[in-house]
Amino acid sequence: MSGIVKLSLNEVIVKAKDYIVWYPCALLYRQFFFHQPPTVIHLYHAISGLSLAAFNFGTQLYHSALCVLVQFLMMRLMGRTITTVLSSFIFQMAYLLSGYYYTATEEYDIKWTMPQCVLALKLIGLSFDYYDGGQEPLNEEQKRSALANVPSLLEVIGFSYFYGGFLVGPQFTLRSYQRLVKGELTDCPGQPPNSVIPAMKRFSLGLLCLVIYAIFSPHYPDSYYLTDEYDAQPFWYRCVFILLWAKVILYKYVSCWVIEGVCILSGLGYNGLGQNGEHQWDACANMKVWTFETTPLFTGTIASFNINTNAWVARHVFKRLKFLGNKLLSQVTALAFLAIWHGTHSGYLLCFSMEFIIVNVERQAQALVRDSPLLTRLANSPLYPLIYLVQQFIHWLFMGYPLVPFCLFTYDKWLRVYSSIYFCGHIFFFTLYLVIPYLRKVLVPRKERSEKKED
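Below: a short report on this structure. What you see is a predicted model, and the numbers here were worked out from it, not measured in a lab.

About the thresholds
Residues numbered from 1 in each chain as written. Predicted model: local features only at pLDDT ≥ 70, side-chain atom pairs only at ≥ 80, totals over all residues. Heavy atoms only, no water. Salt bridge = Lys/Arg side-chain N within 4 Å of Asp/Glu carboxyl O. Helix = DSSP H or I, 4+ residues; strand = E, 2+ residues; numbered from the N terminus. Buried < 20%, exposed > 50% of the residue type's maximum accessible area, 1.4 Å probe, protein only. Polar contact = N/O pair within 3.5 Å; in protein donor to acceptor, adjacent residues only side chain to side chain. Contact = heavy atoms within 4.5 Å. Phe/Tyr/Trp six-rings, centres within 6.5 Å; stacked < 30°, edge-to-face > 60°.

1. Comments concerning the pattern of salt bridges
Next up, step 1: What the rule picks out here adds up to nine salt bridges.
Next up, step 2: Among the ionic pairs, Asp 228 bridges to Arg 416, the shortest N-O distance being 3.5 Å. A residue pair is termed long-range when its members are at least 10 positions apart, and Asp 228 in helix α10 (residues 228-232) and Arg 416 in helix α21 (residues 411-420) qualify at 188 residues.
Next up, step 3: Judged by relative accessible area, which is 63%, Asp 228 ranks as exposed.
Next up, step 4: A salt bridge links Asp 231 to Arg 416; its shortest N-O distance comes to 2.8 Å. A residue pair is termed long-range when its members are at least 10 positions apart, and Asp 231 in helix α10 and Arg 416 in helix α21 qualify at 185 residues.
Next up, step 5: Several salt bridges share partner residues, and in doing so they unite Asp 228, Asp 231 and Arg 416 into one network.

Shown next as structure tokens:
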């Protein structure tokens, strides 16, 4: 899965408690600081964020503080140069990976690297946005995030430790934070936003997802994969266990990313008016829960999951590699970056390499269905509900398949599980990759194939 940070049940519960603490911070901001000068608001966000970070991580807070200070100094001293961007990228990623290396254990502990991975992207993105502020021409996306001036140290600290995104995100730009501080992110100009009800709805949905995870996760522990009991089960049972396990385990990420209605409460989640003139509060939404639950597509799940992190990677890695002239190479590089960003274990690399294979095979299959009159009629026939169920079974079975190494980390563990199910995911998708071109010859009329080649 693109852009996920490994979490244990204990970490999810702790994060839920933290988010409950963040809500009073947002309420205090709305009540007492909304009309204050920017310096006062930055100071409030800096003090509240640093205090809660210190409560969670104690003296290890110096890791994030050092990275924020170094980032500020690089922008101040190096200016709007590609050297600033590269230095930021190298320093923040090297510091993060060093943290992974020195704190690595066999368990998932609550430690300073947990928010550091979020902060690393935030600070690297900051260097890109500062660099873009001196470039021409810019696309519309870059114009929305480019910085006209170098921010102050207090502004960078407030942005970095803003309570709505410090622990597990979401990612947002300094420009968005500046608009929040200026009081622009509201549906009532000059007044705090009418966002209490939307925030509480999001919070309630997150709590529901957390309850679902807390109830079912004990029945689908990661450790079961490494038991003789799992190995002794029939092949079909082992596969179905992966399907159900994946569905349950992803709820802990859903709960964390949905429960963060604090961004909505503060106003950071305000996204202007929709097509029907209604006010939107999804600027910081990290999950599209309905799409996540109903899509039968791998690409649909990825697009609905950890949205802001995936958007960050698309904006600052994939699209920045346009000069390569090869989308496939840009995609490989972006997924490799995500694997490294998550950590140094082999399981991460295998997870994202499988994502690359699955996504590209799915796109070929979609093109085949679209171009084949027979398959198009079948997809639109009364048989579609049955096709949908089969598609969902395949979808969730092989959504869990790459998550196995992601959650088990090391070579000896994930190899044992993959061997027990005979590498069925690799065989399935590599077979499809080889077979689909031949199916196109049979199912797609020659005229359409010719037009496709000309395009």
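2. Here's the deal with the side chain of Gln 92
Next up, step 1: Take Gln 92: it is sitting in helix α4 (residues 82-103).
Next up, step 2: With a relative accessible area of 0%, Gln 92 lands in the buried category.
Next up, step 3: Of the polar contacts made by the side chain of Gln 92, one reaches the side chain of Gln 71; its length is 3.2 Å.
Next up, step 4: Excluding residues within four positions of it along the chain, Gln 92 makes contact with Cys 67, Gln 71, Ala 120, Leu 123 and Ile 124.

3. Points about the environment of Arg 202
Next up, step 1: Turning to its location among the elements, Arg 202 is positioned in helix α9 (residues 196-216).
Next up, step 2: Here the alpha-carbon distance between Arg 202 and Trp 257, two residues 55 residues apart in the chain, equals 9.5 Å.

4. Examining helix α16 (residues 307-318)
Next up, step 1: Buried within α16 are the following residues: Asn 308, Thr 309, Asn 310, Trp 312, Val 313, Arg 315, His 316 and Val 317.
Next up, step 2: Next to the buried residues of α16 lie α5 (113-132), α6 (140-145), α15 (298-303) and α17 (327-342).

5. Examining the packing of aromatic side chains
Next up, step 1: A full pass over the atoms with the stated rule returns 42 aromatic pairs.
Next up, step 2: Relative to Phe 166, the ring of Tyr 161 has its centre 5.2 Å away and its plane inclined at 35 degrees; by these criteria the two rings are tilted. The exposure classification of Tyr 161 matches that of Phe 166, with both residues buried.
Next up, step 3: Here the aromatic rings of Tyr 225 and Trp 245 are separated by 5.1 Å at their centres, their planes lie at 85 degrees, and the arrangement is edge-to-face. With Tyr 225 in the loop between α9 and α10 and Trp 245 in helix α11 (residues 235-249), this pair connects stretches of sequence that are 20 residues apart.
Next up, step 4: Judged by relative accessible area, which is 0%, Tyr 225 ranks as buried.
Next up, step 5: When its relative accessible area of 1% is taken as the criterion, Trp 245 is described as buried.
Next up, step 6: Through a chain of ring-to-ring contacts, the aromatic side chains of Phe 298, Phe 398, Tyr 401, Tyr 411, Trp 414, Tyr 418, Phe 423, Phe 428 and Phe 429 assemble into a single cluster.

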